[in-house]
Structures are given as C-alpha cells and as structure tokens.
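Observations on the model geometry
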Amino acid sequence: MKKIAIIGRPNVGKSSLFNRLMKKRDAITSDIAGTTRDVKRRHVVIVDKEALLLDTGGLDKGCELFDKIKEKSLEAAHKADIILYMVDGKSIPEDEDKKLFYELQTLGKEVALVVNKIDNDKMKDNLWDFYEFGTDAIFGISVSHNRSVNALLEWIYDRLPDEDIIKEESEEESQDDDINIIQEDVSEYDFDDEAEFGEEEEDDNFFYTDEDEEEEEFTDDSIFAQNDKIKEYNPEDINHIKISIIGRTNVGKSSLLNALLGEERSVVSSVAGTTIDPIDESIEYKDKQLTFVDTAGLRRRGKIVGIEKFALMRTKEMLENSNMALVVLDASEPFLDLDEKIAGLVDSNRLACIIVLNKWDIAKREEYDNIIKEVRDRFKFLAYAPIITLSAKSHRRVDKLFDMILEINDNYSQHIKTSELNVVLERALIRHQLPSMRGQVIRIYYATQYDIRPPKIAIIMNKPRGLHFTYRRYLTNKLREAFNFSGTPVLFKAKKRGEK
C-alpha cells in the first residue's frame, strides 16, 4: 500500500488537510505551532483507491522537542511514496521551505507543492510567487474553505496503483441473536469494589419499605435452562486486544510504547506533555493483534489549557474503545492524588488493567515492599490489577508485559460454566448466610455468567435490592479465590427470577 506523507513547517495546515482527506476530525488542529508532534497514520480512500496517510509534525528547530519532531517528520518522508509539501500561501516563499523542498525532490519520490490558505480568487495571485520552486506539481488550495482540493486528489489518485482499488463486497444481513440473555443496564451495575476513592456510604433508603411481596411462581429458569449459552463474540475481536497507555505527564508513556514496539515510534523528550494526539500502533504476538495507544499525559483540571482540553477528550475516547489499560506510574517519585484520579478512568470504563511501575532503574529498590504496599493502599479500586516493575528507557523487563497482556485478556474474555459458578456460590452461602431484610428472608437461587469482556454475572434472587454491597464484595472474593480473574473486573447484576 502506498504511503502519502504530508510535510511542511509548523502551522501551514497539515493536520487540517489530513482531516479533509480522512473526511473526519481525526487529528487535533489549532493555531498553536507544534500541535502535531508524532506521526499519525491512518488508512484513507482516495476515490476508490486505498493508501496510508501520514500526518507529520512541523519542520522546525530550536529546542530538544522541535528537533525530535523534525527528525520524525523527515523520517516519515523518507519512507513515503508520495510527499505533499505544504506551505502558507498568505506569506511569501521562504528560503527554508525551498531548501527542504529541494531536499525532498532528491529522494526520487512523487512530490507536490501544496500552497494552502488560498481562500479566495484575489489570493490566487499569491500562487505565482511559489512557481520559483521549479515544479509543475503545484496546487493552490484552501483546506478550511474546501477550495480547489479536487485537483490535488486527482493528482494523488493517478499515482496510486490500480491494485489498491477497493472491491465492493456484498454485506450480509445481520440476524438477531436468538439466545435468551440478560440485557445490559449500565446504571444498575454493581462493581466488585468501591466506585469512588473513599469509603462507600450506605443509602438510608437501601432496603424496601413496602410490605413483603408475595413470591412469584416460577416454572422455567430461562437463563439456566439454556445451559451456559452466552452472547457470541467474533473470535477476531477476542484476538484483537486494544490497550491504552495512560498516566500523568512525564511518567514515560511514550518511552514505554517505543519499548513495546521496538522502534522510536513516538516522540520522547524531557518536556512535560510532549504527546498531544493519541498515537496507536498494532503488532502481532502469538497469533494475537495488540494495538497500543499512547495517550496524552493528564494534568490537574486547573492546569489543562488550550489544546490539552482536546487531548483529554481524545484520551477518554480511546479508553472507551479499549479493552485494557496500562496505568503507568513513576516509581522514582512519590505518587500523587492525580495518579489515583487517572486510574479511576480504568474503573469507570471497566477495563482490564496492569499497573506499570516505570523508571524502576532509578527507583529506591530496597523499598520495594513499601512501594507495593503504597500502590495497593492508594489504588484499592484496582486491587485486581497485577503490578510489574520495569524501565521503559532501558527496555528492562518490558518483554514480560506481552505474556501478562495475553493472560489477562484470557481472564477478561473467559466464560465460567453456570454449574461451576453455583458450586462456589453454594459454598459461599453455607459459610456466610445472607442477612435478612426487615425480617424478610433473602434468597439467592443461582448465578450465571451472561457476558464477557469483562465477565458479567447475574445473581438470580427473590429480593435483588437485598444484596448488600458488603455481601457482593464477599462473593467477589470467593469467585476470585476459585477462578483466575487476575487483571479483570467482575461485574454483578442482581435479578429476579424470570426477569430478562
């Protein structure tokens, strides 16, 4: 597949053109120079031909961060087959642009000069100044006004091979699943640990105030009778693991992504908040597709300004579409309350999780037990998440993450048989009976798992509201003792008999 790289100095509209070709707002854009820092890769369709589109950072210099951005951008240009070199049509041609354009021409690639911000007919006269670049492939466009973009598209289309034409496939009609399952109701999910960071408060109106209801007559357990039938998942989905790397600024998220990929994919610098737009990259490992997403580092709400607000929105979007999160902590510094709040995003999105203690090469290793204890004390809501110590910079122990990810994905995707669940449930009830509710007897009839990723378990009982959170936690602990739920949350749903 041909690669198309959009190259140019800062703030000429590269990301805007990227979004225009993608036909959606994918890359973050702003008037601030240096908004794009990493190379963003996306599949794009030009008319009916497919290509790989690369959005690059501005070719500028002057500090550590911008030098690295320029290095990454030029590297993308060397790997590309077609180069779109963008300049600002509102200004006169600059010698630096000419120098860079001539350097790109020597690569032997297809190179077009794209003069952006030609917003009206009057500004077309500015285009003549850019003919001194000495190229016939020159296009005066306005990305923001969508003017004269078609000619550029036709030029790109002619340089894409015919074998990249997308063949239309007939879509098969989707059929409704006949399996009788409990429908998901997010508002009623009960987590296996506190949803907030503090102690969970008991609701004064938790118990029924009405008189004891007459128990329903029940003839057929609609779920139990199906004998472990569960909503079917596409095996390809289960074999594709989407992993977000999250944490506050400067904890080493981009370094970890580079270490996992074995290449300098993401820009790394000492500047806090280097990553703005989330960067994703996929690799194959033991017949699984692992897609890692390097997200923007998060700050306290009061310190989030400008484009970082968009970065936060994108990070939250990535988490919503992920299966697993790597919560990266800086083991060489004291943990902050912000670390807890960021980790809370994992809990709210019900993701599988691994806690990564990075920079272990410069941490106080003799205090290992104390550090682990502090992590467990601070992140009680992620008690199920395993902890790994590593150094992304030196790549030490990073390779151990891969097998951990596969194991936790298996736990996250597992389905426990109803018979096995109820053996554990019966033992738990014998050991510790359910407390009564205002003199009413609370009965649990059986449990069954009705969904995966994460495992969702229905508790079928006569008084669903009588399942106190302390007893749910007790049941969770018993299930974790019996089954391998390491790294994954377990969700409970209390239901009446016959309730779907």
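Positions within a chain are numbered from 1, following the residues in the order the chain's sequence is written. Totals for whole chains, interfaces and linings use every residue, but because this is a predicted model, local features are given only for residues with pLDDT of at least 70 and side-chain atom pairs only at 80 or more, for both listing and counting. Note that the side-chain values use all heavy atoms of the structure and ignore hydrogens as well as water.

**Digging into the packing of aromatic side chains**
Only centres within 6.5 Å qualify two rings of Phe, Tyr or Trp (six-membered ring in Trp) as a pair; their planes then separate them into stacked at under 30 degrees, edge-to-face at over 60, and tilted for everything else. Enumeration according to the criterion identifies twelve aromatic pairs in this entry. Relative to Phe 101, the ring of Tyr 85 has its centre 6.0 Å away and its plane inclined at 70°; by these criteria the two rings are edge-to-face. Within this pair, whereas Tyr 85 is found in strand S4 (residues 82-88), its partner Phe 101 is found in helix H3 (residues 95-105), the two being separated by 16 residues in sequence. Under the scheme applied here, a residue whose accessible area is under 20% of the maximum for its type counts as buried, over 50% as exposed, and between as partly exposed, the area being computed with a 1.4 Å probe on protein chains only. The exposure class of Tyr 85 is buried, given its relative accessible area of 0%. By relative accessible area, Phe 101 is classed as buried at 0%. With a centroid separation of 6.2 Å and 70° between ring planes, the pair formed by Phe 483 and Phe 485 is classed as edge-to-face. When its relative accessible area of 1% is taken as the criterion, Phe 485 is described as buried. Note on conventions: DSSP H or I runs of at least 4 residues are helices, E runs of at least 2 residues are strands, and numbering of each starts at the N terminus.

**Looking at the sheet that holds strand S12 (residues 387-389)**
Taken together, six strands build an open sheet; the order of strands is S8-S9-S7-S10-S11-S12 and the sheet is mixed. The sheet is open, and its two borders are formed by strand S8 (279-285) and S12, each paired with just one other strand. Looking at each pair of strands side by side, their axes are set apart by 25° on average, direction ignored. Pairing between two strands is assigned when DSSP locates at least 2 bridges connecting them. With three bridges connecting them, strand S11 (residues 352-358) and S12 associate as parallel partners. Considered in S12, the bridge of Leu 357 is made with Thr 389. Residues are treated as being in contact if the distance between any of their heavy atoms lies within 4.5 Å. Only C-alpha atoms enter the line fits that serve as axes; for helices the fit covers just the stretch in contact. Angles between N-to-C directions range over 0 to 180 degrees. Sheet strands in contact with helix H6 (residues 253-261) are strand S7 (240-246), S8, strand S9 (288-294), strand S10 (324-330) and S11, and its direction is about 155° off that of S9.

**Here we look at the confidence of the model for the chain**
Detailed conclusions should not be drawn from predicted coordinates in areas where pLDDT is low. For every residue, the predictor states its confidence as a pLDDT score lying anywhere from 0 to 100. Taken over all residues, the pLDDT of the chain has a mean of 79, while the share at 70 or more is 74%. Throughout residues 169-229 the model reports pLDDT below 50, and contacts reaching past four residues in sequence, or to other chains, amount to 96 contacts. Scored below 50 in pLDDT, residues 267-275 makes 37 contacts in the model with residues more than four places away or belonging to other chains.

**Points about the nonpolar core**
Counting residues in hydrophobic clusters, the biggest one holds 54 residues, and the most contacted among them are Leu 256, Phe 292, Ile 354 and Leu 382. Of all the secondary structure elements, the ones that give two or more residues to this core are S7, H6, S9, S10, helix H8 (337-348), S11, helix H9 (368-378) and helix H10 (400-413). Tallying contributions element by element places H10 first for this core, with seven residues. Those residues within four positions of Leu 256 in sequence are excluded, and the remaining contacts are Ile 245, Leu 326, Val 328, Val 356, Leu 390, Ala 392, Val 398 and Leu 401. Among buried residues, those of type Ala, Val, Leu, Ile, Met, Phe, Trp, Tyr and Cys that are joined through side-chain atoms within 4.5 Å constitute a nonpolar core.

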